[in-house]
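What follows is each chain in one-letter form.
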Amino acid sequence: MQVPLYQAKAEFFRMLGHPVRIRVLELLQGGPVAVRDLLTEIEIEPSSLSQQLAVLRRSGIVVSIREGSTVSYALAGGDVAELLRAARRILTELLAGRNELLAELRQTEPPARSGPAHPKPAPEQGPPARPEAPLPVPLPVPQGGPGGG
């Protein structure tokens, strides 16, 4: 049974949904990059990078290139770089829209009031308070026991 296109797209975007994978793809836009250079740029554990590279390789979005003892990775095609550029444009527009909204909100903000921001409610009106009775004063305890000694 064939997977619907929308589901295949969702799985594709889920595969991209890890910051390390996105960073790897960004670094590969300029051409093949050795794994040791990816490690230097991304600053994660080698095993974590290896795991993320395996996900990208299995999906077919990157290819590995072995030259002697050096393993490098490259984008499998130019469409991935275009997708990353499109994502950058979309994010730029979204953030610009938020900045415009924030500026508009700040312009239409009412002037600050003096006094407390949330006035305290008036106390409930009940019977008048009775004056408090004075506290009893302790009597001195005689020293020396019975007989006053």
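Residues numbered from 1 in each chain as written. Predicted model: local features only at pLDDT ≥ 70, side-chain atom pairs only at ≥ 80, totals over all residues. Heavy atoms only, no water.

**A word on the sheet that holds strand β3 (residues 70–75)**
Convention followed: Two strands pair under a simple rule: DSSP has to find at least two bridges between them. Segments assigned H or I by DSSP are reported as helices when at least four residues long, segments assigned E as strands when at least two residues long, and all are numbered from the N terminus.
Across the sheet, three strands lie side by side as β1-β3-β2; this open sheet has antiparallel pairing. Of all strands in the sheet, those bounded by a partner on one side alone are β1 (33–34) and β2 (62–67). With two bridges connecting them, β1 and β3 associate as antiparallel partners. Considered in β3, the bridge of A34 is made with S72.

**Here's the deal with helix α2 (residues 19–28)**
Spelled out, the test is: The rule is simple: take the accessible area with a 1.4 Å probe, protein chains only, and divide by the maximum for that residue type; under 20% is buried, over 50% is exposed, in between is partly exposed. The arc in question is traced by the directions running from the helix axis to the C-beta atoms.
Within α2, burial applies to V20, R21, V24, L25, L27 and L28. In a view along the axis of α2, the buried residues occupy a sector of 160°, so they form one face of it.

**Section: the packing of aromatic side chains**
To keep it simple, the criterion reads: Stacked, edge-to-face and tilted labels apply to pairs of Phe, Tyr and Trp rings (six-membered ring for Trp) whose centres lie within 6.5 Å, assigned for plane angles under 30 degrees, over 60, and everything in between, in that order.
Tallied over the entire structure, the rule returns one aromatic pair. When the ring of F12 is compared with that of F13, the centres are 5.5 Å apart and the planes differ by 75°; the resulting orientation is edge-to-face. On the basis of relative accessibility, which here comes to 33%, the residue F12 falls in the partly exposed class.

**Remarks on a nonpolar patch on the surface**
What counts here: Candidates for patches are residues over 30% relative accessible area with no salt bridge; among them, like charges are joined within 9 Å and nonpolar side chains (Val, Leu, Ile, Met, Phe, Trp, Tyr) within 5 Å. Here the accessible surface of atoms and residues is derived via Shrake-Rupley with a 1.4 Å probe, and residues count as covered only by protein chains that are part of the display. A carboxyl oxygen of Asp or Glu within 4 Å of a side-chain nitrogen of Lys or Arg is what we treat as a salt bridge.
On the surface, I90, L91 and L94 cluster together into a nonpolar patch covering about 290 Å² of accessible area. Positionally, I90 belongs in helix α5 (residues 78–107).

Function cannot be read off these values alone, since they describe shape.
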